[in-house]
Amino acid sequence: MIGYVAGRSPLHRAHPYTPLAAAGALLLAAFAVSTPRAIGLVVAGAVLLALAGGTGRVILRPMLMLVLPTWLLLLVLHGILGGAPHVAFGPVGLSEPGVRRALVLGGRVTAIVIAFLTALGTVSPSRLVEAMTARGVPFGRVFLLVSTLTLVPRMRARTAAILEAQQCRGLRAGGSPAARLRALVPLVLPLILGALAEVDEQVLALDARGAGTNVRRTALDPPPDHVAERVLRWLLFLGVLGAYAAKFAGRGA
Amino acid sequence: MNPAVRLARVSFTYPGREAPALADISLEIRAGEVTVVTGDVGAGTSTLLLVAAGFAPRLTGGVLTGVREVSAVRPGIVFATPWTQLTGLCHTVAAEVAFGPASQGAPVAAVREAAERAMDALGVRHLAARDPVTLSGGELQRVVVAGALALAPDLLVLDDPAAELDPAGADALYALLPGIAAAGATVLVATPDHARAARVAHRAIVLAEGRVAADGPPALTLQDTDTAVIARMAGCPPPLPLDPAALAARVVR
Amino acid sequence: MNGYGVRLEGVCCGYGGGDVLRGVSLDIEPGEAVALLGPNGAGKTTLTRLLIGLVRPSAGRVMVGDWDAAARRPDEMARRVGYAFQHADQQLFARTVREDVSFGPMLLGRTKDDVTEALDELDLLREGEVHPYDLPAPARKLVALAGVLAMRPGVLVLDEPTAGFDRKHRALVAGALRRRVARGITVLVVSHDLGFVAEVADRIVVMREGLVAADQPARTLLRDAAALGALGLTPPDAAAISVRLGIANAPVRIAECAEGLRGARWNPASA
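Rules of the game
Residues numbered from 1 in each chain as written. Chains lettered and ligands numbered in written order. Predicted model: local features only at pLDDT ≥ 70, side-chain atom pairs only at ≥ 80, totals over all residues. Axes fitted to C-alpha atoms, helices over the stretch in contact; angles between N-to-C directions. Helix = DSSP H or I, 4+ residues; strand = E, 2+ residues; numbered from the N terminus. Parallel < 35°, antiparallel > 145°, perpendicular 65-115°, else oblique. Left-handed = near helix turned anticlockwise from the far one by under 90°. Contact = placed C-beta atoms within 7 Å. Nonpolar A, V, L, I, M, F, W, Y, C, P; charged D, E, K, R; others polar. Pairing = 2+ DSSP bridges.

**Topic: the packing of helix 4 (residues 112-121) of chain C against helix 5 (residues 137-150) of chain C**
Helix packing geometry: the angle between the two helix axes and the distance between the axes. All names here are of chain C. Following both chains from N to C, one finds helix 4 and helix 5 inclined at 140°, their axes separated by 8 Å at the closest point. If you check the angle between helix 4 and helix 5, you find them oblique. Crossing of helix 4 against helix 5: the hand is right-handed. Packed against helix 4, whose contacting residues are Asp114, Val115, Ala118, Leu119 and Glu121, the element helix 5 presents Ala146, Leu149 and Ala150 at the interface. Considering only residue class, the contact of helix 4 with helix 5 consists of 6 nonpolar, no polar and 2 charged.

**Some details on the interface of chain C and chain A**
Contact residues are listed per partner, giving 18 residues for chain C and 18 residues for chain A. Elements supplying a minimum of two residues to the side of chain C that touches chain A: helix 2 (74-77) and helix 3 (97-107) of chain C. The dominant element in the side of chain C that touches chain A, judged by the number of residues it contributes, is helix 3 of chain C, at 3 residues. Grouping the amino acids of the side of chain C that touches chain A by side-chain chemistry returns 12 nonpolar, 4 polar and 2 charged.

**Observations concerning the sheet that holds strand 8 (residues 186-190) of chain C**
Residues and elements named next belong to chain C. Here we have 6 strands laid out as an open sheet, ordered 6-7-8-3-9-10, and mixed in their pairing. Each end of this open sheet is capped by a strand with a single partner; those strands are strand 6 (81-84) and strand 10 (211-217). Ignoring which end each strand starts from, the neighbouring axes of this sheet average 15° apart. As paired strands, strand 9 (residues 203-208) and strand 10 are joined by 6 bridges and run antiparallel to one another. Opposite arginine 208, over in strand 10, you have leucine 211 as the bridge partner. Relative to the sheet, helix 6 (residues 167-182) contacts strand 3 (33-37), strand 7 (155-159) and strand 8, its axis offset from that of strand 8 by approximately 145°.

Next comes the structure, spelled out in structure tokens:
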């Protein structure tokens with residue numbers, strides 16, 4: 001499941017910036033390191049984040065769907081087709097540097113996917129809106145970010161309604177690959193056209209309610225931002241800086 | 001007293017179209033009144049609302065010619081489909097209704113008070129803690145109107161606001177309009193529902209192909225209720241009665 | 001084109017939070033026109049979705065002719081049941097009105113004449129080459145409805161088909177449905193537009209809390225202000241007029257009511 005799932009975990013109750021900062025730090029750390037051992041630590045960090053958010057079970061399937069094909073591709077591209085030396089692995093010769101490279105790249109993707117699925121799953125869009133409003137972020141940017149974050153669940157609901165409507169017109173869901181391909185147009189086009197038609201009205205409605213002004217909006221219920229969390233976010237930031245400093249100083253992990 | 005909206009020989013053409021949506025319209029809309037605009041599909045009723053409220057051509061693009069003077073400074077707009085008018089960023093009805101006042105940067109207490117007043121006026125205070133996406137169409141439309149009213153608009157335009165509502169909901173919505181006008185606002189409603197319009201409107205304007213075809217008291221200009229059709233078919237001389245009680249009063253027993 | 005009967009036998013159906021339908025039995029003969037009324041949450045939409053196979057009953061049977069709707073996919077049921085959703089925009093996608101209206105009929109092996117007939121009935125021939133999204137929302141709803149009519153189903157199921165319509169378009173839809181009923185097609189319509197219900201339905205089934213609460217001839221219920229008031233509804237104009245004036249046979253349709261008033265003398269309108 002991609003998108004916010006209500007809960008009471010420490011991440012759910014934290015200030016919305018905190019899980020996002022943690023996910024961002026993991027993303028940056030993933031690119032700061034270049035050995036399998038170090039990337040293993042970053043992946044472990046991402047898994048810990050998912051456990052702290054109570055999202056492990058919920059994100060498992062989308063995570064595997066996103067990550068497994070990447071691992072397969074990397075192992076073939078680098079592991080099998082990579083350079084010498086080769087190590088026999090059954091009937092296949094695996095490239096040692098290739099496998100190391102595949103582990104690092106695959107580990108990066110895994111860590112980033114887990115971290116961001118967790119952040120998406122634990123950051124409530126409306127709390128994020130209030131947090132950003134309290135910080136004085138202009139509404140346009142708030143709207144853009146939060147609409148993007150909530151895009152998948154909204155589109156999924158719409159797609160389900162469209163599928164039903166087209167089935168009632170005789171469109172068969174499933175079937176041969178050719179049939180599925182033909183079915184794409186009547187499923188995807190209403191999604192896009194309907195969304196575009198609604199945007200016109202939404203723009204007018206939002207404008208009439210003052211969304212387009214430069215006035216600083218009032219945050220009605222800003223989530224509390226405890227000192228400990230702010231310190232934690234700073235530590236994450238410093239940690240990432242340190243990792244890059246170490247990398248560029250030639251003593252990368 | 002100056003009219004709230006004055007249009008002198010106004011024509012408006014949407015971008016990319018050849019035929020004007022409004023052609024040579026000259027009208028004055030007065031504050032403190034409920035003015036209904038009606039006409040066949042495509043007659044220009046929605047466009048007239050957008051032009052009067054200043055949303056066209058500012059947000060729609062297109063070409064406006066003629067003179068448009070509007071003394072109203074705070075237009076509010078309500079469309080027929082409730083869910084396209086939600087901000088999508090608020091997870092409670094109270095926050096959704098408060099969105100407008102919050103966008104003006106008013107202090108928290110003032111924002112909450114404006115929202116509570118609007119929710120009371122629309123009878124949705126008991127829904128304050130509910131997530132807007134869980135509401136029925138009728139409840140949602142009342143929340144949307146409350147959201148528009150929370151800004152205390154001096155010009156409120158409503159484009160077929162009861163289209164998605166059941167009869168009781170539609171009656172309740174229309175019944176609010178005279179009160180809003182009596183408080184000093186200008187209320188402009190586009191609707192195909194002559195029966196309900198006749199009950200609340202002070203004035204009715206009928207458009208045909210972008211031009212004014214009739215303009216006057218509802219009893220004389222709105223002639224498209226079922227009762228009016230029955231009366232016409234039965235040979236009743238004009239002006240036709242618009243509701244069963246009025247027809248019964250016209251029949252000599 | 002023949003109509004099919006619809007039969008529900010002890011049907012229960014829910015969405016996980018408990019049953020919405022709690023043992024509904026209903027028999028609709030081929031060629032009957034039935035309106036379904038009831039408050040929100042009564043189960044009207046759920047009942048209609050059972051007929052097209054979008055939901056399955058947890059108990060009981062749903063038969064459309066000799067087909068068990070629970071045993072077939074929606075695209076199969078579409079051969080017998082034409083379902084018109086309340087919101088049309090979720091299905092429009094073609095470049096022109098005619099192309100979109102043709103989508104369902106072509107999948108079912110219908111002809112171009114079927115498409116033309118449906119467009120003509122709903123006064124859409126002039127808009128045939130227009131992009132659906134260049135039309136206003138009520139016209140788009142008509143396009144979706146034309147697509148359902150052109151499929152020539154034996155059962156027509158319509159969910160709030162006239163929401164947002166003016167009188168003229170409401171009359172177009174009512175006329176199209178009555179012509180089909182005259183040809184033996186079964187019609188089931190969910191609507192709280194009682195003026196429309198009066199013109200289309202011969203029978204009204206009222207649902208409440210997942211059960212059938214009343215099942216009466218349309219003429220009887222539409223004149224009963226008290227019963228309708230309990231549903232938050234008022235009698236349609238023709239019924240109200242015929243009750244007030246004691247018109248013979250108490251008509252509930254516009255033309256019959258006007259006919260009943262023929263020869264009446266009229267007071268001038270008061271100032």
